[in-house]
Amino acid sequence: MQAKMQQCKEQSGHVARLSDERMGVATKYGENLTEGRKIVGHSLTSGGRGKERRTCVCSLEIGSETLSSEIRNSSGSSSHCSTCGWILSASSDHKPVPTMSLAWGYGNNNGPLHWHEKFTIAKDGKRQSPIDIQTKEAQYDPNLQRRPIMVNYKSEMGMELENNGHSVKAQMKEKSELRGGPLEGTYLLEQFHLHWGAENGEGSEHTIDGNKYDAELHLVHYNSKYETFAKAADKPDGLAVFGFMVKVGKSNDGFEKISKDLGNVLVKGKKCNMADKFDPSCLFSDLTAYWTYAGSLTTPPLYESVTWIVFKKAVEISQEQMDSLRLLQDSEGKSIVNNYRPPLSVGDRVVNSSFS
């Protein structure tokens, strides 16, 4: 029997794939369990002919690229797909069974304390992020001063903003480069987003000597040697993320360009293209004083692939600009707030600083 393939649209708007395989049975997928990313191809098959093995093969959109993974499990066991978050469990009739648990988020039932249930690296990982940066324990590295951080960001025309249900994300199209500091080679800016609290005084993911900030800005770069963000996402040296603490103070002219367009993306899934030309470097000024360490993504799939560069000087935005973030809504129509992961153990990692 020849394999039959057809494309279908789920009610959620995500693309799934149906298949009838020669050696097994396929089950339909299409639920989005990852931050603002959709499954573009997904099949689940059983071994057939007495072979009690289930296979999940999925392709997941990350930015403008796709990331593929394959996971198999034996009868009587359960396995998690680290890419899409689905659980594969055995069934008595030898058919594959996708077991749906709550999509990850920041609530009591699906927040960071539960992420290890679908993404075991949250519990077993050795370089998870964020962390509390203890300034007195950070080790000064003079080599960081000798290799200053250099950015060559390009202005974006019609930059896309998206409410992905967890944050607002700005997607890059131009080739904006990052070099120097703790990094080897050239990294390219993929996107930036923020994390924030329900009220001032909380919201940052990293903390400095135990002190929380009102929000945290992340600019996510990928190592150009891997050609695409998707290929770099799970490599030990694949990503470099700028982390800026954000505090309420004076108005930020650069952030105002984003803030005034947030009304166009209030609901999850909404996208808009900014009318104004936007240079991401307008969001910050001083790149000389920072801490750096080996860490991970702070949202599932929590890949331990990030060189973190957390800057000493905070970015200021006005109260009005801060409140514009809190107007964004998640998939349930609730305000997106407290969308941050608490600090985790540093373990035996060393945090270096570019200043003494």
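These numbers come from a predicted model, not from an experiment. The residue numbering used here restarts from 1 in each chain and proceeds along that chain's sequence as written. Reporting in this predicted model follows two pLDDT cut-offs: at least 70 for local features of residues, and 80 or more for side-chain atom pairs to be given and counted; totals over whole chains, interfaces and linings ignore these cut-offs and use all residues. Based on all heavy atoms of the structure, the side-chain values leave hydrogens and waters out of the count.

The next subject is the packing of aromatic side chains. Each aromatic ring pair is summarised here by two numbers: the centre-to-centre distance and the angle between the ring planes. Stacked, tilted and edge-to-face are the three classes applied to pairs of Phe, Tyr and Trp rings, where Trp contributes its six-membered ring and a pair requires centres within 6.5 Å; stacked means planes under 30 degrees apart, edge-to-face means over 60, and tilted covers the rest. Evaluated as defined, the whole model comprises 13 aromatic pairs. Centroid distance F242 to F284: 6.2 Å. Interplanar angle 90°. Geometry classified as edge-to-face. Taken as a pair, F242 in strand β18 (residues 239-248) and F284 in the loop between β19 (271-273) and β20 (290-295) lie far apart in primary sequence, 42 residues in all. With respect to class, F242 is no different from F284; both count as buried. Both rings, one in F244 and one in F284, keep their centres 5.0 Å apart while their planes meet at 10°; by these two values the pair is stacked. You can see F244 sitting in strand β18 and its partner F284 sitting in the loop between β19 and β20, a full 40 residues away along the chain. Here the two residues F244 and F284 agree in accessibility, since each one is buried. Secondary structure counts use DSSP, requiring at least four H or I residues in a row for a helix and at least two E residues in a row for a strand, with both numbered from the N terminus. We call a residue buried when its accessible area falls under 20% of the maximum for its residue type, exposed when it is over 50%, and partly exposed in between, using a 1.4 Å probe and counting protein chains only.

So, about the pattern of salt bridges. Here, a salt bridge means any Lys or Arg side-chain nitrogen found within 4 Å of an Asp or Glu carboxyl oxygen. In this structure the tally under the stated criterion is eight salt bridges. Ionic pairing is found between K235 and D234, a salt bridge with its closest N-O pair at 3.1 Å. For K235, a relative accessible area of 27% translates into the label partly exposed. Across the pair D323 and R326 runs a salt bridge, and its minimum N-O distance is 3.1 Å. Of this pair, D323 and R326 are both found in helix α5 (residues 319-326), three residues apart, which corresponds to roughly one turn of the helix. Residue classification places D323 among the partly exposed positions, given a relative accessible area of 33%.

So, on to the environment of A215. You can see A215 is positioned in strand β17 (residues 215-223). The class of A215 is buried, set by a relative accessible area of 0%. Spatially, the C-alpha atoms of A215 and H195 are 5.5 Å apart, while their sequence positions differ by 20 residues. Those residues within four positions of A215 in sequence are excluded, and the remaining contacts are H195, W196, G203, S204, F244, M245, V246 and M322. Residues are treated as being in contact if the distance between any of their heavy atoms lies within 4.5 Å.

Taken together, the buried positions of α5 are Q321, M322, S324, L325 and R326. Those residues of α5 hidden inside the fold are in contact with β13 (168-171), β15 (187-196), β17, β18, α4 (253-259) and β21 (306-317).

A separate point is empty space enclosed by the protein. Both site types are read off a 1 Å grid over the protein atoms alone. A 1.4 Å probe that fits but cannot get out defines a cavity, while an open set with protein on both sides within 12 Å along at least five of seven lines defines a pocket; lining residues have an atom within 4 Å of a point. Grid points are joined across faces, edges and corners, and a volume is the space filled by probe spheres set on the points. Evaluation of the coordinates by the stated rule reveals two cavities of 30 Å³ or more. In this model, the second largest cavity occupies a volume close to 40 Å³. Along the walls of the second largest cavity sit L194, L217, V246, N252, F255, L283, V315 and I317, which together make up its complete lining. A class-by-class count of the residues in the lining of the second largest cavity yields seven nonpolar, one polar and no charged. When residues are grouped by polarity, Ala, Val, Leu, Ile, Met, Phe, Trp, Tyr, Cys and Pro land in nonpolar, Asp, Glu, Lys and Arg in charged, and all others, Gly among them, in polar.

Such coordinate-based values are descriptive only and should not be taken to indicate function.
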